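# Structural overview for review
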Amino acid sequence: ELFIIPMDTGMESLLLASQLRKMGLKVEVEMQKRKLKKSLEFANKENIPYVLILGEEEVRSQYCQVKEMATGEETTFSFDDVQEIYSFFRNK
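For the structure given in this document, a descriptive report is provided here. What you see is a predicted model, and the numbers here were worked out from it, not measured in a lab.

## Side note on the pairing of strand β1 (residues 2–7)
- Here β1 lies mainly inside the structure; five of its six residues are buried.
- Across three bridges, β1 lies against strand β2 (residues 27–29) in parallel orientation. For Phe 3, the partnering residue across the bridge sits in β2 and is Glu 28.
- Taken together, β1, helix α1 (residues 10–22) and β2 form a β-α-β motif whose crossover is right-handed.
- Relative to strand β3 (residues 50–55), β1 runs parallel, the two being bridged by six bridges. Bridged to Phe 3 within β3 is Val 51.

## Considerations on unusual backbone geometry
- Phi at Lys 33 takes a positive value of approximately 60°, unusual for a residue other than glycine.
- Along the chain, Lys 33 falls in the loop between β2 and α2 (36–45).
- Judged by its relative accessible area of 79%, Lys 33 is exposed.
- The backbone of Asn 47 sits at a positive phi, close to 55°, despite the residue not being glycine.
- Within the secondary structure layout, Asn 47 lies in the loop between α2 and β3.

The rules we used
Residues numbered from 1 in each chain as written. Predicted model: local features only at pLDDT ≥ 70, side-chain atom pairs only at ≥ 80, totals over all residues. Heavy atoms only, no water. Buried < 20%, exposed > 50% of the residue type's maximum accessible area, 1.4 Å probe, protein only. Helix = DSSP H or I, 4+ residues; strand = E, 2+ residues; numbered from the N terminus. Pairing = 2+ DSSP bridges. Right-handed = clockwise from strand over helix to strand, strands pointing away.

So, to be careful, I would describe these as geometric facts and stop short of saying anything about function.
Here you go:
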């Protein structure tokens, strides 16, 4: 359901993925250190409908964006409100 691409935020990305998995979401984290474009191509190839790119700025500002791959539409969430992210997916 969701592919998290860490941009020098490996620990934060794994923590977020773990929290979302515990809630029942299918989450994969990019661990191969591919360039962003290659990671997005991978998500498309694997038919993963949503991508969350988590960089240092997102961690600092406590906001992140989930991108719907089919439409390019982005939705902003509070990084520390995992329930809000989970609810977004359950309402899709």
